[in-house]
Protein chains: 2
Amino acid sequence: MPHRAQSGGLAPVISIRDLKVHCSTCSMRELCLPMGLGAAELAQVDALLGTRVKLHKGDTLYRAGEPFTALYAIRIGSLKTTVLAEDGREQVSGYHMLGDMIGLDGIVADRHGCQAMALEDTEVCVLPLQRIEDIARAVPPLRQNLLRLMSKEIARDQNVMLLLGSMRADERLAVFLLSLAERYKQRGYSSTEFVLRMTREEIGSYLGLKLETVSRLFSRFQDEGLIQVQGRAVKLLDPVALKQVVGQRG
Amino acid sequence: MPHRAQSGGLAPVISIRDLKVHCSTCSMRELCLPMGLGAAELAQVDALLGTRVKLHKGDTLYRAGEPFTALYAIRIGSLKTTVLAEDGREQVSGYHMLGDMIGLDGIVADRHGCQAMALEDTEVCVLPLQRIEDIARAVPPLRQNLLRLMSKEIARDQNVMLLLGSMRADERLAVFLLSLAERYKQRGYSSTEFVLRMTREEIGSYLGLKLETVSRLFSRFQDEGLIQVQGRAVKLLDPVALKQVVGQRG
DNA sequence: CGACTAGTTGAGGCCAGTCAATGTTGGTGG
DNA sequence: CCACCAACATTGACTGGCCTCAACTAGTCG
């Protein structure tokens, strides 16, 4: 099902003006593409941005193989990206929350290399492809930021490779929880208490594990007093001990 | 041990002039950063490039944590990049051959996120960081190419994640061999017969396997008539069947 | 209320890891 | 040139961690 520009039967509680994106008033601007820009530059970026898109839980923002037309910055909510093998196998390649940019992999072939799906009701800012070049020309620091974001994505992917290639199941889950905690913290949320937006199966797919293994590990971590789990609600009781899970024998 | 600008006791068999890099005369230019550029633009890039660096087998081009000063384009030879976990664990994150660009992960933090080591005698072109901005300003198509290369790296990493997260050992090795074959082909070499530049352990590290497993799989593939192996010399006898290894049960 | 999805837990099997012995290769120096 | 050594590679026996299959529970939504 394609994404929709507006949610179904809800009366609009926000004005038309708000529907236009403004980096200058966005709380995520220091994590997002315009990080570090001055007021004048921000105004330029505002003028170049497209509209925002609203997604409901389960909506797809783009699919693998579709023409690459824009990058997206997440304003509210979260998405997962999944890569598909030729034989239909599917793997979650990332979880993305507010302030993150997605779609960076599409530039190479003018087609998206993966699929992006909303894990909850979500809003993204659209950066149309044609305008990215304009932006890059007009605002040099922004060009730098774009490179940085891509570079950051590469560094992140390499860490996931390290996780998938060399860690045991319990280490993977510990790293996953700690990395979520860190990202929530950066965004001003609690780093010890949060609600997972994805299923056990999706976590497993991301970590190269089966859902039963993930479930068992949650139970085990709880038994060991490291965390408290109630469905998708997670509380990190002992982050230090959780860190120690990573990198130790047995 | 740091890299050296020139090899030890050898009399120079190439002229000084050749030591300066020239994209316009480089056979890799259509795979490398200047792909698709016109003659005038090539000349501009030539003027911006730094010198080349020679590495011997085992030499390190850069280490994780070192200040990021340049990107590198491989002229001759090959390198491996490895990421390190805090606990000292190490994983090969990529094999890179002539025409490839490396160091792209360093932009984010002004520090390299991984280590690059030569697998054989190797020469790389140096693109000093300060000049990358100049290049991007002066030659718009080159800016586009830089983005494309980074995007390609992201897409590649995601495929590795798919491999590590969802494939059995034999599938991983088959994918690895086929991807090497493809890359040799793109560079004008035989796609069915080549010499591996890395040890079984390094292959295993890249694929998330132990060296014994890699060795056993080479033997098994040979028994099944898929390949012929003699140490590091590999001949793909039945690439089609090798492709079929990927994605089938048992 | 029934159908469905998500999650938990148990029993058993298998793939890849571990440990160990042996063979092979390539570089070095006498 | 060859003997030597260290690094690399192969193969076997055994182990164990994660997967598979399966049963059951708890929410959720028509």
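Given the structure is predicted, the values throughout are model-derived calculations rather than measurements.

Now for the side chain of B:E120. Residue and element names in this part refer to chain B. With respect to the element layout, E120 can be found in the loop between β7 (115–118) and β8 (122–128). Judged by relative accessible area, which is 18%, E120 ranks as buried. Of note is the side chain of E120, whose polar atom sits 2.5 Å from the side chain of S78. If we ignore the near neighbours within four places in the chain, the residues touching E120 are L55, H56, K57, G77, S78 and R197.

Right, let's get into the relation of the copies chain B and chain A. The two copies are related by a screw motion: chain B maps onto chain A through a turn of 180° and a shift of 0.0 Å along the axis, at an RMSD of 0.0 Å. Interpreted geometrically, this transformation is the action of a two-fold axis. Take the interface residues of chain B: 100% of them recur as interface residues in chain A, which is what a same-surface contact looks like.

Our next topic: the state of the cysteines. This model, assessed by the stated rule, comprises 0 disulfides over all chains. Of all cysteine sulfurs in the structure, the one in A:C23 sits closest to A:C32, which takes part in no disulfide; the separation is 6.5 Å. Of the cysteine sulfurs around B:C114, a residue in no disulfide, the closest is that of B:C32, at 17 Å.

The next subject is the pairing of strand β4 (residues 78–84) of chain B. Residues and elements named next belong to chain B. Summarising burial for β4: 6 of the 7 residues are buried, a large majority. Examined bridge by bridge, β4 and strand β5 (residues 90–97) share 7 bridges and lie antiparallel to one another. Across the sheet, S78 pairs through a bridge with M97, a residue of β5.

Another aspect to go through is the packing of helix α3 (residues 129–138) of chain A against helix α4 (residues 140–166) of chain A. Residues and elements named next belong to chain A. Taken N-terminus to C-terminus, the directions of α3 and α4 make an angle of 120°; their axes are 5 Å apart at the nearest point. It follows that α3 is oblique to α4 by the angle criterion. Taking contact as the criterion, the partners of I132, I135, A136, R137 and A138 in α3 are, on α4, P140, L142, R143 and L146. Grouping the amino acids of the contact of α3 with α4 by side-chain chemistry returns 7 nonpolar, no polar and 2 charged.

So, on to the protein's contact with DNA strand D. If you check the shell around DNA strand D, you find 16 residues, and the closest are A:T213, B:R200, B:S215, B:R216 and B:S219. Per the 4 Å cut-off to the protein, sugar and phosphate atoms form 64% of the nearby atoms of DNA strand D. A:R216 is positioned such that a nitrogen or oxygen atom in its side chain is 3.0 Å from a base oxygen of DNA strand D. A distance of 3.0 Å separates a phosphate oxygen of DNA strand D from a polar side-chain atom of B:R232. Those elements that place two or more of their residues in the surface near DNA strand D are α7 (211–223) of chain A together with α7 (211–223) of chain B. At 5 residues, the largest contribution of residues to the surface near DNA strand D is made by α7(B). Along the lines of polarity and charge, the residues of the surface near DNA strand D split into 3 nonpolar, 5 polar and 8 charged.

With that settled, the discussion passes to the environment of B:G103. Residue and element names in this part refer to chain B. Position of G103 relative to the elements: it lies in the loop between β6 (101–102) and β7. For G103, a relative accessible area of 3% puts it in the buried group. In this structure the C-alpha to C-alpha distance between G103 and K210, which are 107 residues apart in sequence, comes to 27 Å. For G103, the contacting residues outside a window of four places in its chain are Y62, F68, L71 and H112.

Quick look at the pattern of salt bridges now. Overall, the coordinates contain 30 salt bridges over all chains when judged by the stated rule. The partner of B:R220 in a salt bridge is B:E224, and the shortest N-O contact between them spans 3.2 Å. B:R220 sits in the partly exposed class, given a relative accessible area of 34%. Since its relative accessible area comes to 45%, B:E224 is described here as partly exposed. Taken together, the salt bridges that share partners define one network made up of A:D87, A:R89, B:R168, B:D170, B:E171, B:R220 and B:E224.

Turning to the confidence of the model for chain A, a few remarks are in order. Per-residue confidence for chain A gives a mean pLDDT of 88, with 91% of residues at or over 70. The low-confidence segment residues 1–18 of chain A, where pLDDT is below 50, has 22 contacts with residues more than four positions distant or belonging to other chains.

Attention now moves to the sheet that holds strand β4 (residues 78–84) of chain A. Remark on secondary structure: sheet strands pair via backbone hydrogen bonds, oriented parallel or antiparallel. All names here are of chain A. With antiparallel pairing, 4 strands are arranged side by side in an open sheet as β2-β7-β4-β5. Looking at which strands have only one partner, the edges of the open sheet turn out to be β2 (60–62) and β5 (90–97). Ignoring which end each strand starts from, the neighbouring axes of this sheet average 30° apart. Two strands pair when backbone bridges link them, and β4 and strand β7 (residues 115–118) are joined in this way by 4 bridges, in the antiparallel orientation. Residue T81 lies in a different strand from β7, and its bridge partner there is A116. Strand contacts of helix α6 (residues 200–207): β4 and β5, with the helix running at about 105° to β5, the strand carrying the most contacts.

What counts and how
Residues numbered from 1 in each chain as written. Chains lettered and ligands numbered in written order. Predicted model: local features only at pLDDT ≥ 70, side-chain atom pairs only at ≥ 80, totals over all residues. Heavy atoms only, no water. Helix = DSSP H or I, 4+ residues; strand = E, 2+ residues; numbered from the N terminus. Buried < 20%, exposed > 50% of the residue type's maximum accessible area, 1.4 Å probe, protein only. Polar contact = N/O pair within 3.5 Å; in protein donor to acceptor, adjacent residues only side chain to side chain. Contact = heavy atoms within 4.5 Å. Least-squares fit on C-alpha atoms with pLDDT ≥ 70 in both. Disulfide = S-S within 2.5 Å. Pairing = 2+ DSSP bridges. Axes fitted to C-alpha atoms, helices over the stretch in contact; angles between N-to-C directions. Parallel < 35°, antiparallel > 145°, perpendicular 65-115°, else oblique. Nonpolar A, V, L, I, M, F, W, Y, C, P; charged D, E, K, R; others polar. Near = heavy atom within 4 Å. Salt bridge = Lys/Arg side-chain N within 4 Å of Asp/Glu carboxyl O. pLDDT = per-residue confidence, 0-100.

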